[in-house]
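Summary of structural features
Residue strings, one per chain:
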Amino acid sequence: MKHLAHLNKYFYKYRWRMIPGVIFVIVSNYFGVLPAQVIRIAFDLVKENISMYRLFDGFERQQLVYEIFGYSLLLFGVLVLLLSLIRGVFLFLMRQTIILTSRHIEYDLKNEIYHHYQQLDMAFYRRNNTGDLMNRITEDVNRVRSYLGPAVMYSINTVVLSIMVIAAMISVNSTLALYALMPIPVLSAILLFVNKIINRRSEHIQQQLSTLSTFVQETFSGIRVIKTYNREVDKMDRFMDESNTYRQASLALVKTEAIFFPLILLLIGLSTVITVYIGGLEVAKGTITSGNIAEFIIYVNQLTFPAMALAWVTSLIQRAAASQKRINEFLRTEPAITSAAHGHFETQGHIRFEQVNFTYPDTGIQAAKNVSFEVRPGELLAIIGRTGSGKSTLANLLMRMYDVESGNITIDGEDIRQLPLQAFRSKIGFVPQDVFLFSDTIANNIAFGLDKADLDEVERAARRAAVYENIIAFEKGFETTIGERGITLSGGQKQRVSIARALIKHPQMLIFDDCLSAVDTKTEEEILRNLSTDMKGKSTIFIAHRVSTIKNADRIIVLDEGAIIEQGTHEELLALQGSYFELYEKQLLEEAV
Ligand SMILES: Nc1ncnc2c1ncn2[C@@H]1O[C@H](COP(=O)(O)OP(=O)(O)OP(=O)(O)O)[C@@H](O)[C@H]1O
């Protein structure tokens, strides 16, 4: 329960909706209890009038008694109807306030979680899988909403109704009340128990459903591999197995649910029998009227709802508490990367790495070892090295996706950890190694980093990234949708759209992380030529595998296992006859073949 305390701030925020809601619950229940009393009076009236009617047997007056009697009964009927109508209006208002509030809180909570997710660092995203993140903001919030709305509403309802009904019963006859109420605790206990089983089974179904959807999602994402390796039959068998487990779990649930309602009916029936029997004895003793028995039967039936609601609400609250615990776990995760300052930031683009060390927290791999280098304003620095040597890690550290373990990274002499994070990142055009394009138009993908961009700017960026011709060849040009519901771009086209996205920002610093790997050498040369004008006056870090891409850089550093093993210009490095020279020779040979 303590986990749900997180939501109290929202109850407070919406208190002027909740308080009327609670009042509506009380009023609606009051009008729910009243008809039982009206019926008792009507019942007694019937009894009295029948005796009176018989008394006037053979007299002219008998017809008049009959008419008055019929008229009064009609009035009682109308009164019961009216009370039910009033109750209905308040029930409507109760839902309009409490359930609506739960929807408002659900909206706020989702926003709170989403906002917090966006603050969290890359290490967090590495630790937790996307499915889990999605579940907490959808499924878990949904369960919490069941607590905020239905559970709160029915809890208040249960308490109010039980108090009113029991009080009314005791005021009529405490002995009869005691007997009539006897099966109710038994009923509640059994319902709680059955509900627990239902919950466990529903939980199992839920888990199995999630396994099933993960399986289906993965197979369809990897459908190309499945087809090429002829694994369709095998996958079908796996699917049938998983589906069967789901079916068995569902059947088990249906069996338990099947006894739920008969059980309630049985115990209510039992209560009614006791009421009629004990009530009969009391009527014989003259302590109550027969109308009271009718009244009691209605009360007993009315108590069925609180008994059922108790079991249901208990499980709703338990589930919501478990879900809120999961939500809180993420909400209380502090982002490792925070902004020390806010506001504006201007830079010359003087980048310096000083004795930088970094180990990935989750794998323990030391990906940067004592790395020191400098990129002066307007310089082009290239980083080359074998796969896994730590090149992308340096780009990630500069982007503050991770913070250094020791050493410093400075911009114009100031530690990047002291800079306003968002303003700092906005000064860098970063083209990551794994291109990610949104399911949106090409124009919007290119203009992604800007709040507003006109088509001219988008086209200019596309030209500089040498992808303009490709785009206008599509029927809808820049308005072509890409991604799941649109066309698929080739690997090289994607890389160039991603480059255009970085260039359109006119950043002071540029980082290209192996972003020409899927581009042929001719296009690569064209892009590099365009970039050399773009990069004028801007500090650029170019990560590459091919020596040909970077040989014109002002300085080249060669990485191996996270450490710089050689650095200098292309000529200097060749003269060294070390790793760079070897790599160059090898690549020349490959090109010749
Ligand atoms: N997010 C991460 N979490 C944990 N370990 C990582 C992460 N990213 C990279 N590594 C590890 O750090 C080392 C350096 O990786 P990095 O991606 O920097 O190499 P790279 O030189 O860019 O490689 P490539 O040329 O193949 O892109 C590798 O051993 C890799 O397994």
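Residue positions are given per chain, counted from 1 along the sequence in the order it is written. Local features in this predicted model are restricted to residues whose pLDDT is 70 or higher, and side-chain atom pairs enter the listing and the counts only when it is 80 or higher, whereas totals over whole chains, interfaces and linings include all residues.

**A few points about the overall build of the chain**
The test is simple: Numbering goes from the N terminus for both helices and strands, where a helix is a DSSP run of H or I of at least four residues and a strand is a run of E of at least two. Just to be clear, the radius of gyration here is over C-alpha atoms, and the globule rule we use is 2.2 Å times residues to the power 0.38. Note on burial: count the other C-beta atoms lying within 10 Å of the residue's C-beta; 20 or more is buried, 12 or fewer is exposed, in between is partly exposed, and C-beta positions come from the backbone.
A tally of regular secondary structure across the chain gives 21 helices and 10 strands. Taken over C-alpha atoms, the radius of gyration comes to 37 Å for the chain, far larger than the 25 Å a tight globule of 593 residues would show. Counting only C-alpha atoms, the chain reaches 130 × 55 × 50 Å along its principal axes. Residue burial in the chain is summarised as follows: out of 593 residues, 29% are buried.

**A word on the sheet that holds strand β2 (residues 366–375)**
Paired through backbone hydrogen bonds, the strands of a sheet run either parallel or antiparallel to each other. For the record, the criterion: Here, any two strands with at least 2 DSSP bridges between them count as paired. Any pair of residues counts as being in contact when their C-beta atoms, constructed from backbone geometry, are within 7 Å of one another. Every axis corresponds to a line fitted to the C-alpha atoms, with the helix fit spanning only the stretch in contact, and the corresponding angles, defined between N-to-C directions, vary from 0 to 180 degrees.
One open sheet accounts for 4 strands, arranged β2-β1-β4-β5; its pairing is antiparallel. Strands at the two margins of the open sheet, each flanked by one partner only, are β2 and β5 (414–415). Taken together, the 2 bridges between strand β4 (residues 406–411) and β5 define a ladder with antiparallel strand orientation. The residue bridging isoleucine 411 from the neighbouring strand is glutamate 414, located in β5. Contacts from helix α12 (residues 391–398) reach β1 (351–359), β2 and β4 within the one sheet, and its direction differs from that of β2 by about 65 degrees.

**Considering the site of the ligand**
Put simply, the rule is: Any residue whose backbone-placed C-beta atom lies within 6 Å of a molecule or strand is treated as near that molecule or strand. Gly is put with the polar residues, along with every residue not named as nonpolar or charged; the nonpolar set is Ala, Val, Leu, Ile, Met, Phe, Trp, Tyr, Cys and Pro, and the charged set is Asp, Glu, Lys and Arg.
What surrounds the ligand is a group of 16 residues, the closest being Tyr360, Thr387, Lys391, Ser392 and Thr393. Of the residues forming the shell around the ligand, the biggest block, 3 residues, is contributed by α12. Residue composition of the shell around the ligand, grouped by class: 3 nonpolar, 9 polar and 4 charged.

**Brief notes about the nonpolar core**
What counts, and what does not: The nonpolar core criterion groups buried Ala, Val, Leu, Ile, Met, Phe, Trp, Tyr and Cys residues into a set whenever they are joined through C-beta atoms within 7 Å.
The biggest cluster of nonpolar side chains holds 69 residues, and the ones touching the most others in it are Ala382, Ile383, Ile446, Ala465, Ala500, Ile511 and Phe542. What isoleucine 511 contacts, discounting residues up to four positions off in sequence, is Ala395, Leu398, Ile428, Phe430, Val431 and Ile541. Core analysis: the next-biggest nonpolar cluster, separate from the first, contains 46 residues, Leu109, Leu191, Ile288 and Val300 among them.

**Let's talk about the pairing of strand β7 (residues 509–513)**
The two faces of a sheet get side chains in turn, since along a regular strand they alternate between them. We count it as follows: Look down the strands so they point away from you; if going from the first strand over the helix to the second traces a clockwise path, that crossover is right-handed.
For β7, the tally of buried residues reaches 5 of 5 residues, placing the bulk of the element in the interior. Residue alternation in β7 divides its side chains into two sets, Met509, Ile511 and Asp513 and Leu510 and Phe512, and both sets are buried. Examined bridge by bridge, β7 and strand β8 (residues 539–544) share 5 bridges and lie parallel to one another. Residue pairing across strands places aspartate 513 opposite isoleucine 543, the latter belonging to β8. Each parallel crossover has a hand, and for β7 linked through helix α18 (residues 521–534) to β8 it is right-handed.

**A word on the UniProt feature "transmembrane region" (unreviewed entry) in the chain**
What counts is decided by this rule: UniProt positions are given in the numbering used here, feature names are shortened, and annotations may be inferred rather than shown by experiment.
Per the UniProt record, "transmembrane region" (unreviewed entry) is annotated on residues 21–43, 68–93, 151–170, 176–194, 258–278 and 298–317. Secondary structure content for residues 21–43 is 100% helix and 0% strand, and the end C-alpha separation is 34 Å. Secondary structure within residues 176–194 divides into 95% helix and 0% strand; the distance between the first and last C-alpha atoms comes to 29 Å.

**Points about the packing of helix α8 (residues 183–221) against helix α10 (residues 232–285)**
The following threshold applies: Our angle categories are set so that under 35 degrees counts as roughly parallel, over 145 as roughly antiparallel, 65 to 115 as roughly perpendicular, and the remainder as oblique. Put simply, a crossing is left-handed when the front helix is turned counterclockwise from the back one by less than a right angle, and right-handed when it is turned clockwise.
Two elements in contact, α8 and α10, have axes whose closest approach is 9 Å; the angle formed by their N-to-C orientations is 165 degrees. Classed by the angle they form, the pair α8 and α10 counts as roughly antiparallel. Where α8 crosses over α10, the handedness of that crossing is left-handed. For the contact of α8 with α10, the per-class residue count stands at 23 nonpolar, 10 polar and 5 charged.

**Things to note about the packing of helix α6 (residues 139–172) against helix α7 (residues 174–181)**
Interaxial distance between α6 and α7 falls to 6 Å at its minimum, and their mutual angle equals 135 degrees. Relative to α7, the element α6 is oriented oblique. Here α6 contributes Ile166, Met169 and Ile170 to the contact with α7, which in turn contributes Ser174, Ala177, Ala180 and Leu181. Each residue belonging to the contact of α6 with α7 can be placed in one class, and the counts come to 6 nonpolar, 1 polar and no charged.

**A short note on helix α2 (residues 15–55)**
Stated precisely, the cut-off is as follows: By this rule the span expected of a helix is its residue count minus one, scaled by 1.5 Å.
The end-to-end C-alpha separation of α2 is 61 Å, in line with the 60 Å expected for 41 residues at 1.5 Å each. Considered for burial, the residues of α2 that qualify are Met18, Gly21, Phe24, Val25, Ser28, Asn29, Gly32, Pro35, Ala36, Arg40 and Ala42. Where the residues of α2 are buried, they touch α1 (8–13), α3 (61–119), α6 and α11 (290–331).

**A closer look at the sheet that holds strand β10 (residues 563–568)**
In space, the 6 strands of this open sheet follow the order β6-β7-β8-β3-β9-β10, with mixed pairing throughout. Edge positions in the open sheet fall to β6 (428–431) and β10, since each of these has one partner strand only. For this sheet the average axis-to-axis angle between neighbouring strands, irrespective of direction, equals 15 degrees. Bridging between strand β3 (residues 380–385) and strand β9 (residues 555–560) involves 5 bridges; their strand directions are parallel. Residue pairing in the sheet places leucine 381 in a bridge with arginine 555 of β9. Helix α17 (residues 491–503) rests against β6 and β7 of the sheet, and its axis sits at about 175 degrees to β6.

**Let's talk about unusual backbone geometry**
Negative phi characterises most residues that are not glycine, and trans characterises most peptide bonds. We note that asparagine 370 has phi near 50 degrees; this positive angle belongs to a residue other than glycine. Among the residues examined, asparagine 370 registers 14 C-beta atoms within 10 Å and is labelled partly exposed.

**Some words on the domain arrangement of the chain**
Reports of interface size often rely on the accessible area that becomes lost once the parts have come together. What counts here: Domain extents, as shown, originate in an automatic or database domain assignment.
If you check the domain split of the chain, you get domain 1 (2–331) and domain 2 (351–592). Contacts between the two partners involve 4 residues from domain 1, matched on the other side by 4 residues from domain 2. For the side of domain 1 that touches domain 2, the class distribution of residues is 2 nonpolar, no polar and 2 charged.

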